[in-house]
Every structure is written in C-alpha cells, then in structure tokens.
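Working through the structure, step by step
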Amino acid sequence: MDTAAERALPFYDDASLSHVLCVVAHPDDLEYGASAAVARWTARGVKVSYLLLTAGEAGMRDRDPEEVAELRAEEQRQACAIVGVEDLVILDLPDGMLQADLETRRQIARRIRQVRPDVVVTQPWELQVDWGLNHADHRAAGIATVDAVRDADNPWVFRELLEQERLEPWGAKELIVVGGEPTHLVDVTGEPLEKGVASLEAHEQYLAALGGEFDVRGMLEGFTAEVGAASGVEGVTHALGVTVHPMG
C-alpha cells in the first residue's frame, strides 16, 4: 500500500449521503474493509442496501453448494445486522462463473432503479490488486457494476425495466471502489472499525473452512491504521482508502 501517496489524499465528503447501494460478488466481500465505512454511514442515518450477485455457494470445498448458499446467506445477514444494514438482496448468479454480461448488468441496473442511491459502492476490476491476483468474480462484478450504473440512467438500455416494470431511469452521482488505487479516505476510527471487525467475524464457518489461522482484527486494524497514520490528521487512527468516480 503506497502510504506516501495517500498522505495528501482528501477525506471523502459523506455529509450529504442519503442512500448507498453496495454491489459485490459474494457474501463476505464487503467485510474486508468496506463494512467499516458502511457502519460509519448507517450511524449517521444513511440507508445502505447490499446487492450480492451470487450466494457464494462454491466457496467451501467439502460442503454441498446448496447447503453452503444457505449458510453463507445467514452469516451475511448477521454481518449486515452488525453494521446497520437491513436491505440485503442475494441473487442466484453462478458463483465462480460470474460474467460481466448483459444479464448481470440488467440485474444490477434493476436494483439501482429500485433503490435510487446517491452512491454505488463496488469492488475493483483490475487483475492485480494489493493483496495479489484478483478473483474472477470480483473483476466481473466490478466491470458489470460500472456498466450498470450507466445502464440504469439510460432509458433506451434494458427498455423493459421502464416499459414493463415501471422503473424510471436513475443516475447515481458517484461510484466508489474499495480496494483499488485510492483517491479519498474514509475515517473509520473507533466504533465503525469495531463493527467492521465484528461483521467479518460473523462469517465464522466460511473463514474456518478456508483453513489456517486468520487474524481478522489484526488484518483490518493493521491496514486501516497504516492509512490512518498516513493521513496526518489528528484523531484519525484508522481510515479506509477508496476510489471515487463522479458519474455525471
């Protein structure tokens, strides 16, 4: 993580946020940092909705996918409750084989028109990210979300959403990517980070199935402390780097 570059980054102005839609591939994807920002926002009265494109059913090698889908959905519901998210939708697109195709874009655009968010949050689509080589589903989810944000605002794309479902076009103001090259910081000092840690720990059985010792608190506290220290702002001990794309 290039903390020297982050030293001059501004803090994201979330004072006027009203509704945020988070779109990712799997249960637990939002809990690797983004959920701490979500906890900050919900504490301030912002409504946050989650859209998971798959149920993560292919994520546990020794258990049947149908059983895993139910398990991971329940763990995600627990994670959502911790950070104040009441609106959770999990689609049935195929885990491990997610595509940034027209159907995926349609489903995301539909949800954007239903929710009508100020901001859409998603995951990075680059092949290489800070932690290594990015998952194929993460890349597909990110690309599909970029396209769907524009699709949702275009009355001539997926015309059935308007003509049959009566969903008016909607333009989100910004797209935020968590896990890419940051342009802004979000202060998650204190309670937001604590809730973020607890939300990832809620995926207990999934994390156990990954094998090995995984220090949830150490991981989340570690990288957010590094970013917080680099901000140079007194009182900010932990921060999250995000990439903000205006969608005007």
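The coordinates are above.
If you're wondering where the values come from, they're calculated on a predicted model, not measured in any experiment. For every chain, the first residue of the written sequence is number 1, and numbering continues from 1 onward in sequence order. Per-residue local features of the predicted model are confined to residues with pLDDT of at least 70, and side-chain atom pairs are confined, for both listing and counting, to 80 or more; whole-chain, interface and lining totals are unaffected and use all residues. Calculated side-chain values reflect all of the structure's heavy atoms, with hydrogen atoms and water omitted.

A look at the layout of surface pockets
Computed over the protein atoms alone on a 1 Å grid, cavities are sets of points where a 1.4 Å probe fits but cannot get out and pockets are open sets with protein on both sides within 12 Å along at least five of seven lines; a residue lines them when it has an atom within 4 Å of a point. Grid points are joined across faces, edges and corners, and a volume is the space filled by probe spheres set on the points. Within this model, the largest pocket holds a volume of roughly 1200 Å³. Together, 41 residues line the largest pocket, and Tyr32, Val129, Trp131, His138 and Gly179 are the ones closest to its centre. Runs of H or I in DSSP of at least four residues are treated as helices and runs of E of at least two as strands, each being numbered from the N terminus. Residue assignment for the lining of the largest pocket shows that the elements contributing at least two residues are strand 4 (119-122), strand 5 (128-129), helix 8 (204-210), helix 9 (216-231) and strand 9 (239-246).

Digging into the packing of aromatic side chains
Only rings of Phe, Tyr and Trp enter the pairing, Trp through its six-membered ring, and a pair is recorded when the two centres are within 6.5 Å. The plane angle decides the type: under 30 degrees is stacked, over 60 is edge-to-face, the rest tilted. Within this structure, the stated rule accounts for 1 aromatic pair. With 6.4 Å between their ring centres and 40 degrees between their planes, Tyr32 and Phe214 make a pair best called tilted. Of this pair, Tyr32 sits in the loop between strand 1 (19-24) and helix 2 (34-43) while Phe214 sits in the loop between helix 8 and helix 9, and the two are 182 residues apart along the sequence. In this scheme, the term charge over a ring applies when either NZ of a lysine or CZ of an arginine sits within 6 Å of the ring centre and within 35 degrees of the ring normal. Note that Arg72 overlies the ring of Tyr206, its terminal NZ or CZ placed 3.6 Å from the centroid.

Remarks on the nonpolar core
By size, the foremost hydrophobic cluster in this structure holds 38 residues, and its most contacted members are Val20, Trp41, Val48, Tyr50 and Ile176. For our purposes a nonpolar core is just a set of buried Ala, Val, Leu, Ile, Met, Phe, Trp, Tyr and Cys residues, chained together by side-chain atoms within 4.5 Å. Relative accessible area decides the class of each residue, using a 1.4 Å probe on protein chains only: under 20% of the type maximum gives buried, over 50% gives exposed, and in between gives partly exposed. Core analysis: the next-biggest nonpolar cluster, separate from the first, contains 25 residues, Leu53, Ala109, Ile112 and Ala172 among them.

What about helix 7 (residues 191-201)?
What helix 7 keeps buried is the set Pro192, Leu193, Gly196, Val197, Ser199 and Leu200. Taken around the axis of helix 7, the buried residues stretch over an arc of 160 degrees, which confines them to a single face. In this structure, the buried residues of helix 7 make contact with helix 2, helix 3 (65-82), helix 8 and helix 9. The directions considered for the arc are those from the helix axis to the C-beta atoms. The contact criterion used is simple: two residues touch if any of their non-hydrogen atoms lie within 4.5 Å.

Side note on the sheet that holds strand 9
Pairing between two strands is assigned when DSSP locates at least 2 bridges connecting them. Strand order in the open sheet made by the 7 strands is 3-2-1-4-7-9-8, with mixed pairing throughout. Unpaired on one side and paired on the other, strand 3 (87-90) and strand 8 (184-187) mark the two borders of the sheet. Strand-to-strand twist across the sheet, computed as the mean angle between neighbouring axes with direction ignored, equals 25 degrees. Both strand 7 (residues 174-178) and strand 9 contribute to a ladder of 5 bridges, which runs antiparallel. Its bridge partner being in strand 9, Val178 is matched across the sheet by Val242. Note on definitions: angles span 0 to 180 degrees between N-to-C directions of axes, and those axes are lines fitted to C-alpha atoms, for helices only across the stretch in contact.

Details of the state of the cysteines
Sulfur atoms of two cysteines make up a disulfide when they are within 2.5 Å. Per the counting criterion, the structure on display carries 0 disulfides. Of the cysteine sulfurs around Cys22, a residue in no disulfide, the closest is that of Cys80, at 9.2 Å.

Remarks on the side chain of Asp151
By the secondary structure assignment, Asp151 is in helix 5 (residues 136-152). By the criterion applied in these results, polar contacts are pairs of N or O atoms within 3.5 Å in which, for protein atoms, one can donate a hydrogen and the other can accept it, and in which residues neighboring in sequence qualify only through two side-chain atoms. Engagement of the side chain of Asp151 in a polar contact is seen with the side chain of Arg105, the distance being 2.8 Å. Not counting the four nearest positions on each side in its chain, Asp151 is found in contact with Arg105, Ala109, Arg113, Val157 and Phe158.

What about the pairing of strand 2 (residues 47-52)?
Of all 6 residues in strand 2, 5 are buried, a share of seventy percent or more. For the crossover from strand 1 across helix 2 to strand 2, the handedness is right-handed. Both strand 2 and strand 3 contribute to a ladder of 4 bridges, which runs parallel. The residue of strand 3 that forms the bridge with Tyr50 is Leu88. Chirality of the crossover, the property in question, places the unit of strand 2, helix 3 and strand 3 among those that are right-handed. With the strands pointing away from the viewer, any crossover whose connection runs clockwise from the first strand over the helix to the second is right-handed.

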